[in-house]
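Structural characterization, general
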Amino acid sequence: MLHMESSTNKMKHFLMITNMHKDAGRKLTEALSGYIRAKGGSCQCFLSTGENASEAAPKISEIPKETECVLVLGGDGTLIRAATMLVDSRIPLIGVNLGTLGYLCELEESNVYAAIDRLMADDYMIEKRMMLEGHGIKAGKEVGYGIAFNDIVIHRTGALSVVRLSVYVNGEYLNTFHGDGVILSTPTGSTGYNMSAGGPIVDPKAQMILITPINSHNLSTRSIVIGADDEVVVELAERRSQQDETVEVSFDGDNAVKLEVGDRFVIRRAKETARICKISNESFLEILSKKMRTYT
């Protein structure tokens, strides 16, 4: 199932989120907002620091109700944080890559004006991307809930020593990873940290969860792909008698939650999906091939 839906109206009302470090002097931001208004539309602008999720987007209550699309100027990180913060709004987003390697941002500065023309002419599609949610369990209590567009990463902290993470899927023991941690990735996140750690690249429209160990100390350890509706529990297991190991859990690189030996973290598919506008008819494989040729 492709999880694509046709547009039903011609867009006129936009929210533009700009990474302040990527658009010096707001030159492109001002030019694009002026272009939208000249074509009869409206555009609210928001500056993001690009440094953490809480400053990645305005509060949903502050966004005009007529807003139909979010233009994100920056890079993949800016788009990921904005998508996570705005997921409950159900407003579709499209990214304009002002960085280097951008797998998620479809547009570049060179074609963004043409893309706005197509959005305002009702010539676009919307892809629904699955997300992950998770929470910790400490002394029987739920803590540290969060949601992720790309991945939830459980990684060691402190001294340079390996940790033991026992993984259970739907209540059944799967494996214990010895290493620096483990990545739970969405299909969209497969081209992020998962890829860097040797995990598989999958089509972002797919429905699955990827489990990839980080710097595993077991030569036979590989990534594991499970169903989108499976529930994963990761427990920090004892490795030495002191039981002083700790790990942190990060959602798309932010919102760290600290776990100690015996604590568990539960990950499952999020109820909401991110909605990404798509202009180009290029397939995922065409885009991936182009990015790999450009940045190798």
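These lines cover the structure that appears in this document, whether it is placed above or below.

**Quick word on the overall build of the chain**
For the chain, the count of helices and strands is five helices and 18 strands. A globule of 296 residues ought to have a C-alpha radius of gyration of about 19 Å, and the chain, at 20 Å, matches this closely. Expressed along its principal axes, the backbone C-alpha trace of the chain runs to roughly 70 × 35 × 35 Å. Looking at the chain as a whole, 50% of its 296 residues qualify as buried. Considering only intrachain contacts with a sequence separation of at least 6, the fraction spanning at least 24 residues in the chain is 70%. On the chain, roughly 13,600 Å² of surface is accessible, and the fraction owed to carbon and sulfur atoms is 50%. In the chain, 32 side chains carry a positive charge and 38 a negative one; their mean positions are 2 Å apart.

**Let's talk about the sheet that holds strand E9 (residues 151-156)**
In spatial order, the strands read E14-E13-E12-E9-E16-E17; together these six strands make up an open sheet with antiparallel pairing. The open sheet has two edge strands with one neighbour each: strand E14 (224-227) and strand E17 (254-260). Neighbour-to-neighbour, the strand axes of this sheet turn through a mean angle of 20 degrees, independent of strand direction. Pairing geometry for E9 and strand E12 (residues 181-185), over five bridges, is antiparallel. Residue pairing in the sheet places Val153 in a bridge with Ile183 of E12.

**Some words on the side chain of Asn97**
Inspection of the secondary structure assignment puts Asn97 in strand E5 (residues 93-97). The buried category is assigned to Asn97, whose relative accessible area is 4%. Polar contacts involving the side chain of Asn97 include one to the side chain of Glu108, which spans 3.5 Å.

**Quick word on unusual backbone geometry**
Of all residues except glycine, most have a negative phi; of all peptide bonds, most are trans. Even without a glycine there, the phi angle at Ala139 is positive, about 55 degrees. Relative to the helices and strands, Ala139 resides in the loop between strand E7 (125-138) and strand E8 (141-148). Look at Asn215: it is not a glycine, yet its phi comes out positive at around 50 degrees. Within the secondary structure, Asn215 sits in the loop between strand E13 (208-214) and E14. By relative accessible area, Asn215 is classed as exposed at 52%.

**Some remarks on the side chain of Thr246**
For Thr246, the position within the fold is in strand E16 (residues 246-251). Using a relative accessible area of 16% as the deciding quantity, one classes Thr246 as buried. A polar atom in the side chain of Thr246 sits 2.5 Å from the side chain of Thr157. Beyond its immediate sequence surroundings of up to four residues, Thr246 is in contact with Arg156, Thr157, Val163, Leu236, Lys258, Leu259 and Glu260.

**Section: the pattern of salt bridges**
Summed over the entire model, instances satisfying the criterion amount to twelve salt bridges. Put simply, Arg269 and Asp229 hold a salt bridge, and the shortest N to O gap is 3.0 Å. Taken together, the positions of Arg269 in strand E18 (residues 264-278) and Asp229 in the loop between E14 and strand E15 (232-237) put the pair 40 residues apart, joining distant regions of the chain. For Arg269, a relative accessible area of 25% translates into the label partly exposed. Under the relative-accessibility criterion, Asp229 is labelled exposed at 66%.

**Section: the packing of aromatic side chains**
Scanning the model with the defined rule gives three aromatic pairs in all. Considering the side-chain rings of Phe251 and Phe265, the 6.0 Å spacing of their centres and the 55 degrees angle between planes classify their relative orientation as tilted. Taken as a pair, Phe251 in strand E16 and Phe265 in strand E18 lie far apart in primary sequence, 14 residues in all. Each member of the pair, Phe251 as well as Phe265, is classed as buried.

**Concerning helix H1 (residues 27-38)**
When the terminal C-alpha atoms of H1 are compared, their 17 Å separation across twelve residues agrees well with the 16 Å that a helix rising 1.5 Å per residue should span. The set of residues buried in H1 consists of Leu28, Thr29, Leu32, Ser33 and Ile36. Down the axis of H1, the sector holding all buried residues measures 125 degrees, keeping them to one side. Among the exposed residues of H1, those pointing more than 90 degrees away from its buried face are Lys27 and Ala38. Residues of H1 that are buried sit in contact with strand E2 (13-19), strand E3 (42-48), strand E4 (69-74) and helix H3 (112-120). A positive phi of about 90 degrees marks Gly40, the residue just after H1.

**Re the environment of Thr18**
Inspection of the secondary structure puts Thr18 in strand E2. Overall, the relative accessible area of 0% leaves Thr18 in the buried class. Discounting chain neighbours no more than four positions away, the residues touching Thr18 are Asp23, Thr29, Phe46, Leu47, Ser48 and Leu73. Reaching out from Thr18, the side chain makes a polar contact with the side chain of Thr29 at a distance of 2.8 Å.

The rules we used
Residues numbered from 1 in each chain as written. Predicted model: local features only at pLDDT ≥ 70, side-chain atom pairs only at ≥ 80, totals over all residues. Heavy atoms only, no water. Helix = DSSP H or I, 4+ residues; strand = E, 2+ residues; numbered from the N terminus. Rg over C-alpha atoms; globule rule 2.2 N^0.38 Å. Buried < 20%, exposed > 50% of the residue type's maximum accessible area, 1.4 Å probe, protein only. Contact = heavy atoms within 4.5 Å. Areas by Shrake-Rupley, 256 points an atom, 1.4 Å probe, with all protein chains shown as cover. Lys, Arg positive; Asp, Glu negative; His and termini not counted. Charge placed at Lys NZ, Arg CZ, Asp CG, Glu CD. Pairing = 2+ DSSP bridges. Axes fitted to C-alpha atoms, helices over the stretch in contact; angles between N-to-C directions. Polar contact = N/O pair within 3.5 Å; in protein donor to acceptor, adjacent residues only side chain to side chain. Salt bridge = Lys/Arg side-chain N within 4 Å of Asp/Glu carboxyl O. Phe/Tyr/Trp six-rings, centres within 6.5 Å; stacked < 30°, edge-to-face > 60°. Expected span 1.5 Å × (residues − 1). Arc of directions from axis to C-beta.

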